[in-house]
Every structure is written in C-alpha cells, then in structure tokens.
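Letter by letter, the chains look like this.
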Amino acid sequence: MKEATTSQRATTFPIIQALKFGWEDMMARGTRSRIIAFSILLSVTFMVFLSVMASIFAAMTGEIATVQTHYFLMEIIALLVCLVGVTNTMLMSVTERFKEIGTMKCLGARDTHVVLVFLFEALILGALGGSGGALTGLAVGAVVSGLQVGWTIVMQVPLQEYVTHVLRGVVTAVLLGQLGSLYPAYYVARLRPVEALRHEL
Amino acid sequence: MTSIVETIEVSKEYTLRNERVRALEGINLRVKRGEYISILGPSGSGKTTLLNLIGGLDLPSGGRVLIENKDLSRMSQTERTSIRCQKIGYIFQTFNLIDFLSALDNVALPMIFAGKSKKEREARAKDLLKLVGLSDRLNHKPTELSGGQQQRVAVARALANSPSIILADEPTGNLDLATGLAIVTLLYRLKTEMDTTVICTTHDLKMIEVSDRIAWLEDGSIQRIEDRQGVTLTAAELEPTDHKT
C-alpha cells in the first residue's frame with residue numbers, strides 16, 4: 001500500500017481550469033443557466049427594491065426600526081423561495097451532466113474538483129444575476145418611490161445607503177448561488193464513477 | 001512476461017429492487033504486459049462490470065483486482081483516481097467526449113488532471129490527434145464529428161497520459177463495420193507500437209483477429225480463455241454477426 005501512495009501523485013485541477021470549465025459548461029447549457037440567473041435576479045431585485053423602499057419610507061416617517069423589521073421579513077421569505085428554486089434547478093442541471101461528471105472522474109477528477117466546477121458556475125451565475133437584480137431593484141425602488149412620494153424624499157436618503165443596498169444584494173446573490181449549489185454539487189461529486197456513467201436520461 | 005492486471009476470485013453483486021443479483025462470480029484472469037485480450041460474451045454476461053472493476057471505476061463485492069500487483073480495493077479513493085488518470089486509458093462505446101470542449105481540449109483533459117503544463121498538453125494532444133488521423137479536426141466539437149472520428153478522439157484521449165493499460169468497452173458497438181474495423185486496427189497498432197496492454201470487451205467477433213487471447217464470459221463467469229491461434233474461426237467467417245450490438 002505504501003508503494004501506491006508514494007508512486008502515485010494525487011491528481012490536480014487548477015482553479016483557473018475549474019473556472020474555465022464551469023464557464024464553458026454554463027455557456028453550453030444556456031437556457032438552464034439563464035433560468036438560474038433569472039431566478040436569482042428576480043429575488044435580488046425584490047430584496048433590493050424592499051430595502052430601498054424601507055430607506056425611503058424611513059426617511060419620510062422617521063420610523064426606522066419598525067419599517068426595517070417588516071421589510072427584512074419579506075426579504076427573507078423572497079430569498080428562501082429563491083434558494084429552493086436555485087437548488088432545484090441546479091439538481092436538474094447536475095442530473096443532465098451525470099455522464100460528463102462520470103467521464104471526468106474516470107479521467108482523473110476527484111470529488112473536490114467536481115464540487116469546484118459547480119461552485120464556480122454558481123459563483124458566476126450569482127454574481128451576474130445579483131448585479132442585474134441589485135441595479136434593477138434600486139432603479140425600480142427609486143422610481144416607484146419617486147412617483148409616489150416625490151423625488152425630494154428619494155434624494156434625502158444618503159447615496160451611501162443606496163450603494164450598501166446594491167452591494168448587499170450582490171453579496172446575497174453570490175451566497176444564495178453557493179448555498180443553492182452546495183447540496184447538488186456534493187451529491188454529484190460523491191457518486192462513484194460507474195454510477196454516474198451508467199446514468200441515462 | 002509479468003502480469004499487469006490480475007483478478008483473483010472476483011465477484012460482484014448488486015441489489016436490484018431488494019433482490020441480490022450476482023453479476024460476476026469467481027473471475028480469475030491474468031493479463032500480461034503488452035497483451036491484447038478480448039473479453040467476449042453476450043449482452044448481460046458481465047463484460048462491462050468486469051472492465052469497470054479492472055479500471056477501478058467500481059469495487060468488487062469479493063476477491064481482489066490487482067494493477068501492477070497493487071490491490072485496488074486497499075487503495076484510498078485519491079490513489080484509485082490517480083491510477084485511473086495515469087495508468088489507465090478508457091474508451092467507451094458511446095465515446096463519452098465532453099460536448100462543449102474541442103477535440104484538442106478533450107484529449108488534453110486527462111493531462112490537466114495529471115498536472116502537465118499547457119504547452120505540454122497542447123503539443124501532446126496535437127501529436128495524438130495526428131496519430132489517429134485527425135490533425136485537421138483539432139478545433140471541432142464532438143457534435144461536428146462523425147461517430148468514427150469521435151471514437152478516434154476518444155482513443156487519442158485514452159492515450160494522453162501514456163497509460164500502460166487501455167480499457168475499451170465495446171469500442172466498435174456504435175460504429176459501422178468499416179469504421180469499427182478501422183478502430184480495431186488502430187488499437188492493435190497502438191498495442192504493438194507503444195507496448196500498451198489492451199483489454200477490450202466486445203460481442204463483435206471480428207475482434208478475435210487482433211487479440212492475443214480471448215476470454216469467453218457467460219452468466220458472470222469465465223467459461224474459457226483461448227489463445228488467438230487456438231480459435232479456429234476467422235473474422236471473415238463471422239461477418240454476419242457483426243451488426244449485433
């Protein structure tokens with residue numbers, strides 16, 4: 001046994017390769033990727049929209065704590081719904097790719113390499129969906145509030161607060177993508193190569 | 001000649017709908033270095049299961065599989081992955097190329113896992129694709145290639161890390177007669193020129209022509225192992241069964 005340990009070097013998969021692989025895989029499955037990115041975008045839009053509305057409402061009424069608690073609960077519900085959606089779509093996505101993963105494992109990919117590919121893919125989707133969602137949420141929140149309560153109140157909220165909402169949206173989206181992919185990635189990475197190769201859709 | 005692959009009393013059982021199914025039983029096989037051995041048998045005889053066990057893609061329920069005298073069951077998962085990457089090349093009936101990678105990238109993939117540099121990978125992948133007659137298809141995706149060309153890419157990929165063993169699971173199963181023959185001839189050429197051991201499962205009887213030995217598998221047991229010379233049938237006589245997959 002010692003012989004095997006010393007003579008066989010553990011296989012590698014550089015991060016840049018995993019990132020490239022995740023990107024190309026994502027591009028090859030355009031529709032599925034767009035669905036994931038879009039569901040992240042929608043929930044982050046909703047989340048940032050609520051945050052912006054809360055800030056504007058607080059600037060108008062001065063009831064910061066009550067308003068923020070209400071909006072925060074709604075945000076949590078929206079994010080939970082999105083998390084279930086992302087996990088479900090990622091599970092379908094890994095099921096489609098069983099054979100590809102089986103082949104990769106057959107050629108030398110370890111479990112961690114497979115997990116890396118999925119997490120990178122989710123990172124890209126989370127960042128794209130999150131950025132789009134955060135900016136949309138900010139724009140919609142500002143326009144809706146501006147039309148309802150007037151632009152003066154919208155302008156009363158410090159710019160820094162809006163930037164914080166956008167950044168929080170992007171970070172949440174990335175985390176959402178990672179959380180949603182964790183279980184599907186772990187599930188598929190743990191498959192024995194023969195199980196993955198045997199799988200037919 | 002030393003044995004490079006050895007199976008000792010190997011058995012494999014599956015549980016299928018709460019029922020135990022014995023896929024292999026008492027498999028004893030010694031494959032010598034540089035040998036071309038075909039495992040013949042009807043569908044469901046356990047050929048692929050045996051190949052999966054030899055390749056470390058699955059573990060036996062009983063017995064031992066030795067690769068260069070090392071027991072695969074006693075290795076860690078990382079060690080088995082490493083053996084798969086560096087010592088074994090796989091060729092599948094359904095080619096199993098990664099569809100979004102070009103022919104060149106497909107061939108280079110095992111070399112990424114083996115830790116080769118980009119320059120090394122590209123040079124070797126180009127050489128291998130040239131060897132299998134696809135130097136003009138480097139940047140084509142699998143979907144832009146014919147079945148025979150895809151299988152050639154798979155052969156090139158199997159050779160990427162200069163493995164000592166090639167495991168081919170019905171490599172001609174999805175190909176027409178002429179293309180199948182070309183792949184078989186290519187495998188034989190590689191075996192002779194590179195001193196690679198080839199273990200090939202098939203129920204395509206023309207494989208006999210290029211084999212050193214033939215193991216006949218039926219109902220999960222090896223019925224007999226014969227030398228090529230001992231088999232009286234020729235591929236020409238057996239042509240009518242070629243279409244059987």
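See the structure shown above.
This section reports on the structure supplied with the text. Since the model is a prediction, treat every value here as computed from it, not as a measurement.

1. As for the environment of Ser 38 of chain B
All names here are of chain B.
Here is step 1 of the chain: Note that Ser 38 resides in strand β3 (residues 36-40).
Here is step 2 of the chain: In the structure, Ser 38 is positioned 166 residues away from Asp 204 in sequence and 9.9 Å away in space, judged by C-alpha atoms.
Here is step 3 of the chain: Once residues lying within four places of it in the same chain are set aside, the contact partners of Ser 38 are Cys 200, Thr 202, Met 207, Ile 208, Ser 211 and Ile 214.

2. Overview of the interface of chain A and chain B
Here is step 1 of the chain: Contact with chain A, which involves 25 residues of that partner, is made by 25 residues of chain B.
Here is step 2 of the chain: Of all elements in the fold, only α1 (2-7), α2 (15-28), α5 (98-107) and α9 (193-198) of chain A reach the threshold of two or more residues within the side of chain A that touches chain B.
Here is step 3 of the chain: If you tally residues by element for the side of chain A that touches chain B, the top one is α5 of chain A, at 5 residues.
Here is step 4 of the chain: Taken together, the residues of the side of chain A that touches chain B break down into 10 nonpolar, 7 polar and 8 charged.

3. With respect to the sheet that holds strand β1 (residues 3-16) of chain B
Residue and element names in this part refer to chain B.
Here is step 1 of the chain: The antiparallel open sheet is built from 4 strands, whose spatial order is β2-β1-β4-β5. At either margin of the open sheet sits one strand with a lone partner, and together these are β2 (19-32) and β5 (70-71).
Here is step 2 of the chain: This element, helix α1 (residues 47-54), spans β1, β2 and β4 (62-67) of the sheet and lies at about 120° to β1.

4. As for the nonpolar core
Here is step 1 of the chain: Ranked by size, the top nonpolar core spans 125 residues in total, and within it Ile 40 and Val 114 of chain A together with Val 107, Leu 129, Leu 167 and Ile 199 of chain B carry the most contacts.
Here is step 2 of the chain: In terms of residues, this core owes the most to one element, helix α3 (residues 30-61) of chain A, which gives 15 residues.
Here is step 3 of the chain: If we ignore the near neighbours within four places in the chain, the residues touching Val 107 of chain B are Ala 125, Leu 128, Leu 129, Val 153, Ala 156, Arg 157 and Ala 160 of chain B.

5. Comments concerning α3 of chain A
Three- or four-residue spacings in an α-helix give side chains the same orientation, since the helix completes a turn every 3.6 residues.
Here is step 1 of the chain: Spanning 32 residues, α3 of chain A covers 45 Å between terminal C-alpha atoms, matching the ideal 46 Å at 1.5 Å per step.
Here is step 2 of the chain: Following α3 of chain A by one or two positions, Gly 62 of chain A adopts a phi angle in the positive range, close to 85°.

6. A look at the packing of helix α3 (residues 103-113) of chain B against helix α5 (residues 147-158) of chain B
Residues and elements named next belong to chain B.
Here is step 1 of the chain: At a minimum axis distance of 8 Å, the contact between α3 and α5 shows a crossing angle of 30°. By the angle class used here, α3 and α5 are roughly parallel. As for how α3 packs across α5, the hand of that crossing is right-handed. Counted together, Ala 103, Asn 106, Val 107, Leu 109 and Pro 110 of α3 and Val 153, Ala 156 and Arg 157 of α5 form the full contact between these two elements.
Here is step 2 of the chain: Taken together, the residues that form the contact of α3 with α5 break down as 6 nonpolar, 1 polar and 1 charged.

Rules used in this analysis
- Residues numbered from 1 in each chain as written.
- Chains lettered and ligands numbered in written order.
- Predicted model: local features only at pLDDT ≥ 70, side-chain atom pairs only at ≥ 80, totals over all residues.
- Helix = DSSP H or I, 4+ residues; strand = E, 2+ residues; numbered from the N terminus.
- Contact = placed C-beta atoms within 7 Å.
- Nonpolar A, V, L, I, M, F, W, Y, C, P; charged D, E, K, R; others polar.
- Pairing = 2+ DSSP bridges.
- Axes fitted to C-alpha atoms, helices over the stretch in contact; angles between N-to-C directions.
- Core = buried A, V, L, I, M, F, W, Y, C linked by C-beta atoms within 7 Å.
- Buried ≥ 20, exposed ≤ 12 C-beta atoms within 10 Å, placed from the backbone.
- Expected span 1.5 Å × (residues − 1).
- Parallel < 35°, antiparallel > 145°, perpendicular 65-115°, else oblique.
- Left-handed = near helix turned anticlockwise from the far one by under 90°.

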